[in-house]
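# Structural overview
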Amino acid sequence: MLNSRVRDLINTQINKEFYSAYLYLDFANYFYDEGLDGFAHWYDIQAQEERDHAMLMRTYLQNNGERVVFEAVDKPDKSYSSPEDPLHEGLKHEQYVTSLINTIYKAAQDVNDFPTMKSIKE
Ligand SMILES: [Fe+2]
């Protein structure tokens, strides 16, 4: 069993990872619409990576005897007026997600949860 705050943060992070996948698929949709299939394909791959992150965290909770609770995934609400816009939004989103991962790391550090500290940074 994990510390309840660490567990809840990881459970929330699963949702954030699925949202990341959804956002990157939204970027891909924009690029496909613009005829920029290479960029679209690259974001399709990024979306798969985010789903992989979600699934790894799901497995991590389950392997620690924790129940996973899925919440609704938010609708991507960005609008793009140039091909550079998704790239800027992607950078901002990655910085945001990194801050969330750092919060989980700190919560695990606060309770000497070394396995979570190691896992969350991988
Ligand atoms: Fe991720």
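Further up the page is the structure itself.
First things first, this report covers the structure right here in the doc. Predicted model, so just to flag it, every value in this text is computed and none were measured. (Residues numbered from 1 in each chain as written. Predicted model: local features only at pLDDT ≥ 70, side-chain atom pairs only at ≥ 80, totals over all residues. Heavy atoms only, no water.)

For the rest of this paragraph, the subject is the coordination of the iron ion. Looking at the iron ion, the protein donor atoms are E17 (OE), E50 (OE) and H53 (ND1), and they sit 2.0 to 2.1 Å from it. Judged by its relative accessible area of 28%, H53 is partly exposed. (Donors = N, O, S within 2.8 Å, 3.2 Å for Na, K, Ca; no water. Buried < 20%, exposed > 50% of the residue type's maximum accessible area, 1.4 Å probe, protein only.)

Moving on to the packing of aromatic side chains. This structure, assessed with the given rule, holds ten aromatic pairs. With a centroid separation of 5.6 Å and 35° between ring planes, the pair formed by Y24 and F27 is classed as tilted. One end of the pair, Y24, and the other, F27, are both in helix α1 (residues 4–33), three residues apart, so they sit about a helical turn from each other. Each member of the pair, Y24 together with F27, is buried. Centre to centre, the rings of Y24 and Y43 are 5.5 Å apart; their planes meet at 55°, and the pair counts as tilted. With a gap of 19 residues between them, Y24 in helix α1 and Y43 in helix α2 (residues 37–63) connect regions that are remote in the sequence. In terms of burial, Y24 and Y43 fall into one category: buried. An aromatic cluster is built from Y24, F27, Y30, F31, F39, W42, Y43 and Y80, whose rings are joined through pairwise contacts. (Phe/Tyr/Trp six-rings, centres within 6.5 Å; stacked < 30°, edge-to-face > 60°. Helix = DSSP H or I, 4+ residues; strand = E, 2+ residues; numbered from the N terminus.)

With respect to the helices and strands, the residue D113 is situated in the loop between α3 (84–110) and α4 (114–120). Although D113 lies buried, it forms no salt bridge, and the closest oppositely charged side chain, R5, sits 11 Å away as judged by the N-O distance. (Lys, Arg positive; Asp, Glu negative; His and termini not counted. Salt bridge = Lys/Arg side-chain N within 4 Å of Asp/Glu carboxyl O.)

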